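Chains, contacts and geometry: an overview
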Amino acid sequence: MNLIMLGAPGAGKGTQAAVLNQRLGIPTISTGNILRAAIKDGTPTGLKAKEYMDNGQLVPDAVIIGIIRERLQAEDCQNGYILDGVPRTIGQAEALEEAGIRFDAVIDLEVADEAIMERMSGRRVCESCGASYHIVAIPPKKEGVCDVCGSALVQRADDTPETVRSRLTVYHEQTEPLKAFYSQRGLLRTVPDQGSMEATTAAILEVLGQKK
Ligand code: AMP
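Summarised in this report is the structure supplied together with it. Since the structure is predicted, the reported quantities are computational estimates derived from the model, not experimental observations.

**Examining the sheet that holds strand 6 (residues 132-134)**
Read across the sheet, three strands follow the order 6-5-7 without closing on themselves; strand pairing throughout is antiparallel. Only two strands of the sheet have a single neighbouring strand rather than two, namely strand 6 and strand 7 (153-154). With two bridges connecting them, strand 5 (residues 123-126) and strand 7 associate as antiparallel partners. Of the residues in strand 7, the one forming a bridge with C126 is L153.

**Points about the side chain of D108**
Tracing the sequence through the fold places D108 in strand 4 (residues 105-110). As a buried residue without a salt bridge, D108 has its nearest oppositely charged side chain in K179, at a separation of 4.3 Å. A distance of 3.5 Å separates a polar atom in the side chain of D108 from a polar atom in the side chain of T190. Excluding anything up to four places from it in sequence, D108 contacts L6, Y171, K179, L188, R189, T190 and V191.

**Quick word on the sheet that holds strand 1 (residues 2-7)**
Taken in spatial order, the five strands of this open sheet run 2-3-1-4-8, and their pairing is parallel. This sheet does not close on itself; its edge strands, each paired only once, are strand 2 (28-30) and strand 8 (188-192). Each adjacent strand pair in this sheet contributes to an overall mean axis angle of 20°, direction not counted. As paired strands, strand 4 and strand 8 are joined by five bridges and run parallel to one another. Bridging across to strand 8, D108 finds its partner in T190.

**Brief notes about the nonpolar core**
Within the largest apolar cluster, 25 residues are counted, with the highest numbers of intra-cluster contacts made by L72, Y81, L83, F103 and Y182. Breaking this core down by element, the ones donating at least two residues are strand 1, helix 3 (44-54), helix 4 (61-72), strand 3 (81-84), helix 5 (90-98) and helix 8 (177-184). Per-element accounting of this core gives the leading share, five residues, to helix 4. Beyond its immediate sequence surroundings of up to four residues, L83 is in contact with L3, I4, M5, I29, I68, L72, L96 and F103. Counting 23 residues, the second-largest nonpolar core is a separate cluster that includes A11, L20, I82 and A203.

**As for the packing of aromatic side chains**
Applying the stated criterion across every chain, the model contains one aromatic pair. On the numbers, 4.9 Å between centres and 85° between planes, the contact of F181 with Y182 is edge-to-face. When sorted by exposure, F181 lands in the same class as Y182, which is buried. Seen from the ring of F181, R185 lies directly overhead, with NZ or CZ sitting 3.6 Å from the centre.

Conventions and cut-offs
- Residues numbered from 1 in each chain as written.
- Predicted model: local features only at pLDDT ≥ 70, side-chain atom pairs only at ≥ 80, totals over all residues.
- Heavy atoms only, no water.
- Pairing = 2+ DSSP bridges.
- Helix = DSSP H or I, 4+ residues; strand = E, 2+ residues; numbered from the N terminus.
- Buried < 20%, exposed > 50% of the residue type's maximum accessible area, 1.4 Å probe, protein only.
- Lys, Arg positive; Asp, Glu negative; His and termini not counted.
- Salt bridge = Lys/Arg side-chain N within 4 Å of Asp/Glu carboxyl O.
- Polar contact = N/O pair within 3.5 Å; in protein donor to acceptor, adjacent residues only side chain to side chain.
- Contact = heavy atoms within 4.5 Å.
- Axes fitted to C-alpha atoms, helices over the stretch in contact; angles between N-to-C directions.
- Core = buried A, V, L, I, M, F, W, Y, C linked by side-chain atoms within 4.5 Å.
- Phe/Tyr/Trp six-rings, centres within 6.5 Å; stacked < 30°, edge-to-face > 60°.
- Lys NZ or Arg CZ within 6 Å of the ring centre and 35° of its normal.

Here it is in structure tokens:
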């Protein structure tokens, strides 16, 4: 199954993708995690992406399309994958289509901007594997330590309130038009905010026609 997680920054795409990944046995591909790893490693792609990311802007389509086309050719993607945070523009969606990549469903997580602003202050991510937590809603078993790999949890540099505001504006202007794009293709599955992680997972499984 090939899936796309669509939604504003902080809507829960990464968190829900991690659950689906366990459930469906297909990998999650997060361009945000790939870019953060590239920045940490100081690669040319990382150097190109850093300034855009720090300012809450999108990294140019050409960079993203190159990353994603290469990643989807890997062996672990042959039985399906969950795209988290990509495509984020119509240009990226068209490039995927032109590459012959087809999707089974686009899960659109709808969360109001004000709820996002509240959530983002409590978000913590693993600096090593990228797993996502929330200090109140999804705490790690041990404070400040990733359940998955044992590395330190940090606050993302782009999770400050000012940058989150910019990212929400960018989302509404450049990413939200993807709802109409995928709706026209009969793929959009809208999941309204359910208030908790478990209820959202249940709602996603329902729109995918999977048993809970
Ligand atoms: P994320 O971890 O998905 O919230 O992404 C963090 C940042 O990485 C975004 O604010 C963008 O600057 C950049 N980024 C990640 N994915 C994409 C994408 N598909 N297109 C453009 N920029 C992206």
